[in-house]
Amino acid sequence: AQTVTQSQPEMSVQEAETVTLSCTYDTSESDYYLFWYKQPPSRQMILVIRQEAYKQQNATENRFSVNFQKAAKSFSLKISDSQLGDAAMYFCAYNNAGNMLTFGGGTRLMVKP
Amino acid sequence: ETGVTQTPRHLVMGMTNKKSLKCEQHLGHNAMYWYKQSAKKPLELMFVYSLEERVENNSVPSRFSPECPNSSHLFLHLHTLQPEDSALYLCASSRDRGLGNTIYFGEGSWLTVV
């Protein structure tokens, strides 16, 4: 079974600064996807970014980018120019055949004005 | 605005009650999911439906009974629940069950069992 670990229960960042959230996973499969989801106080899970395991190029979406290290089974999320609206729970998730997600425990991100 | 809507947003029920959670997706998707998010555990997959057929049951107790009458609607019927079943129940959908298809979530239904 796959496992996803987020070792940082909480992180804080100053507005306009950069922060990196860590995620590691364990799998024996070669083809899979990885996702970062954001969960604001409204509780809706919102997709932030996705990465296919076969793609070596790290995914980017505006201020959000990932550092995907397949051999190390690491998938960190970097948020640049942090904004107050970025404050939320962030979940790393592993996606395998059957399109089922295995989630990490989450990291609460606080943004200081 | 979300393409996946859940009702009710909050529900309080006694252990002997029978209630249902409803989910509707407006995205034309063929796969729907129930996830459970409790305070002390990571999000857990409960059920998966594909084209209205249940394809996964992640060892969920029988006091939770899902129903998918069509590809747009998903229900979770609840009966004789326990206080430890109190949690946020998230419904989600995706185009199909192909690897990597983005899964879209609703805002969840907060369930409190008293």
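Bear in mind that the values here come from a model prediction, so they are computed numbers and not experimental data. (Residues numbered from 1 in each chain as written. Chains lettered and ligands numbered in written order. Predicted model: local features only at pLDDT ≥ 70, side-chain atom pairs only at ≥ 80, totals over all residues. Heavy atoms only, no water.)

Engineer: So what's going on with the environment of Y32 of chain A? Residues and values would help.
Structural biologist: In this fold, Y32 of chain A is placed in the loop between β4 (24-26) and β5 (33-39). For Y32 of chain A, a relative accessible area of 1% translates into the label buried. Spatially, the C-alpha atoms of Y32 of chain A and N96 of chain A are 5.0 Å apart, while their sequence positions differ by 64 residues. The residues touching Y32 of chain A, leaving out its near neighbours within four places in the chain, are Y25, T27, Q51, E52, A53, F68, K70, Y94 and N95 of chain A together with L99 of chain B. Here the side chain of Y32 of chain A touches Y25 of chain A through a polar contact of 2.7 Å, side chain to side chain. (Helix = DSSP H or I, 4+ residues; strand = E, 2+ residues; numbered from the N terminus. Buried < 20%, exposed > 50% of the residue type's maximum accessible area, 1.4 Å probe, protein only. Contact = heavy atoms within 4.5 Å. Polar contact = N/O pair within 3.5 Å; in protein donor to acceptor, adjacent residues only side chain to side chain.)

Engineer: I'd like a description of the pairing of strand β4 (residues 31-37) of chain B, backed by residues and values.
Structural biologist: Residues and elements named next belong to chain B. Within β4, 7 of the 7 residues are buried, leaving the element largely enclosed by the surrounding structure. Alternating residues of β4 divide into A31, Y33, Y35 and Q37 and M32, W34 and K36, and every residue in both groups is buried. Counting the residues between successive antiparallel strands, the hairpin from β4 to strand β5 (residues 44-50) contains 6 residues. Relative to strand β9 (residues 87-94), β4 runs antiparallel, the two being bridged by 7 bridges. Bridging across to β9, Y33 finds its partner in A92. (Pairing = 2+ DSSP bridges.)

Engineer: Tell me about the pattern of salt bridges, and please be specific about residues and values.
Structural biologist: Residue and element names in this part refer to chain A. The full count for this structure, using the stated rule, is 6 salt bridges over all chains. Here K73 makes a salt bridge to D26, at a shortest N to O gap of 3.7 Å. Here K73 is found in the loop between β8 (64-69) and β9 (74-79), whereas its partner D26 is found in strand β4, with 47 residues between them in sequence. Given a relative accessible area of 41%, D26 falls into the partly exposed group. (Salt bridge = Lys/Arg side-chain N within 4 Å of Asp/Glu carboxyl O.)

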